[in-house]
Amino acid sequence: MVKNYVLDTNVLIHDPEAIYSFEDNNVFVPLPVIEELDKLKKEQGRVGRSARAAIRVLEELRNRGNLHDGVKLNNGGRLIIPVLSESDFDRHQVKFLFEKYVDNWILSYAMFLRTTRTEPTIIVSKDISLRLKALAIGLDAEDYLTDKSDLSMLPVGYISADSLSKLNIPGLYVNEYIECNEGYFRFDGQDFVEINSKMKIFGITPRNKEQLFALDALINDELKLVSLIGIAGTGKTFLALAAALEKTLVEGVYERVIVARPLIPMGGKDIGYLPGALEEKISPWMSGVMDNLEYLCRLNSVSLKDLMKKEIIELEALTYIRGRSIPKQFIIIDEAQNLTPLEVKTILTRAGEGTKVVLTGDPYQIDTPYLDEDAVN
């Protein structure tokens, strides 16, 4: 059965191409959502970029036909931008939702569609409050589920066994780690590769099996993408930095270490509002990274100041990675749980030949609005 999906603004900010994710159903983008996108397109950073991208998608569809009547989508669905008059709003609004701001307009659009159309109507929003209000007044509402994943289904990354001979090889993942009586191993897809449990990387040694497995993945040049997931204090960033310095300064595999993280500002201020040069602006966010770098450099009698001056180590805001092509470098994306799937894809496309990318973060410690642990994998 065909359904009517009414999209909130935050869905298009989260995924500018979200309108293509509803198969052969009707997708409604209320006019107030277009107005809100128009206001947000001037914003700096991710929100402004996503708003502009969503507007471009709508503009492309406008060239195909009348958006008010509906434009056929390639997936068989239809995009419609309905217009609700003041009298329609007054007739379909819920009495206690008297303020005419965007959320309540969206609710009124949904009420109008439910009254005037036969198909089931569903509001799609990343905003929990809007979904709760919709349910309270009898409207169906759901989160944007297209890029959702079940974190509980994510493999731990290693298994414990009595012996390698007792393992079910077809059931193993490539690059899965094994702890057994014979020692520690990594399954490369065909065979078991033994791991040196006494390894020392840039002056540090792993304190447990998890750190041992993490370090092995970090120094493995064949693994171009590594994700380290764990709670605060487990050494994710510290291990990544140690491996990066080892592979860059000692082995010379990479030319530079780039450390970047999403800047989640308080009070809605973007980094551009802060005084000073770029290094001064990002320093509050990078203090934890700098602490780890200073310790590692002291441990190995290396001058961090010289490394920064020669740009062997570069601290970067993710905003400035867009548009770059980065070959033969060790990239660490810290606090990656605050990125949307689209942003992660954007970062990965910046990696040039011979580059390794490491994502670190705790999916249960997300600071970005409208993201949760199921939308960051």
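Before any of the text, the structure's been laid out above.
In what follows, the accompanying structure is described. (Residues numbered from 1 in each chain as written. Predicted model: local features only at pLDDT ≥ 70, side-chain atom pairs only at ≥ 80, totals over all residues. Heavy atoms only, no water.)

### Side note on the overall build of the chain
Moving on, step 1. Looking only at helices and strands, the chain features 11 helices and 15 strands.
Moving on, step 2. In the chain, of all internal contacts separated by at least 6 residues, the share reaching a separation of at least 24 is 61%.
Moving on, step 3. Total accessible area on the chain is roughly 19,400 Å²; 50% of this is exposed by carbon and sulfur atoms. (Helix = DSSP H or I, 4+ residues; strand = E, 2+ residues; numbered from the N terminus. Contact = heavy atoms within 4.5 Å. Areas by Shrake-Rupley, 256 points an atom, 1.4 Å probe, with all protein chains shown as cover.)

### Here we look at the pattern of salt bridges
Side chains carrying opposite charge are able to pair once their charged atoms draw close together.
Moving on, step 1. Throughout the structure, instances matching the rule amount to 12 salt bridges.
Moving on, step 2. Salt-bridge contacts for Lys41 lead to Asp38; the nearest nitrogen and oxygen are separated by 2.8 Å.
Moving on, step 3. Of the residues examined, Lys41 reaches a relative accessible area of 32% and is grouped as partly exposed.
Moving on, step 4. Assessed through its relative accessible area of 37%, Asp38 is described here as partly exposed.
Moving on, step 5. Taken together, the shared-partner salt bridges connect Lys126, Arg131 and Asp143 into one network. (Salt bridge = Lys/Arg side-chain N within 4 Å of Asp/Glu carboxyl O. Buried < 20%, exposed > 50% of the residue type's maximum accessible area, 1.4 Å probe, protein only.)

### Quick look at the pairing of strand 15 (residues 356–361)
Moving on, step 1. For strand 15, the buried fraction is high: 6 of the 6 residues fall into the buried class.
Moving on, step 2. Side-chain alternation along strand 15 places Lys356, Val358 and Thr360 on one buried face and Val357, Leu359 and Gly361 on a second face that is also buried.
Moving on, step 3. Sheet topology note: the strand 11 (residues 225–229)/strand 15 ladder contains 5 bridges and is parallel. Along strand 15, the bridge assignment pairs Ile229 with Gly361. (Pairing = 2+ DSSP bridges.)

### Thoughts on the packing of aromatic side chains
Moving on, step 1. Counted under the stated rule, the structure contains 9 aromatic pairs.
Moving on, step 2. Ring geometry for Tyr5 versus Phe22: centroids 4.8 Å apart, planes at 35°, classification tilted. Of this pair, Tyr5 sits in strand 1 (residues 4–7) while Phe22 sits in the loop between helix 1 (9–14) and strand 2 (26–28), and the two are 17 residues apart along the sequence. An identical accessibility class is assigned to Tyr5 and Phe22; each is buried.
Moving on, step 3. A centroid spacing of 5.8 Å and a plane angle of 70° characterise the contact between Tyr184 and Phe213, whose relative ring orientation is edge-to-face. On the criterion of sequence distance, the pair formed by Tyr184 in strand 9 (residues 183–187) and Phe213 in helix 7 (residues 209–219) is long-range, its members being 29 residues apart.
Moving on, step 4. Residue Phe213 is classed as buried on the basis of its relative accessible area, which comes to 4%.
Moving on, step 5. By the ring-pair criterion, three or more aromatic residues cluster together here, those being Tyr158, Tyr177, Tyr184 and Phe213. (Phe/Tyr/Trp six-rings, centres within 6.5 Å; stacked < 30°, edge-to-face > 60°.)

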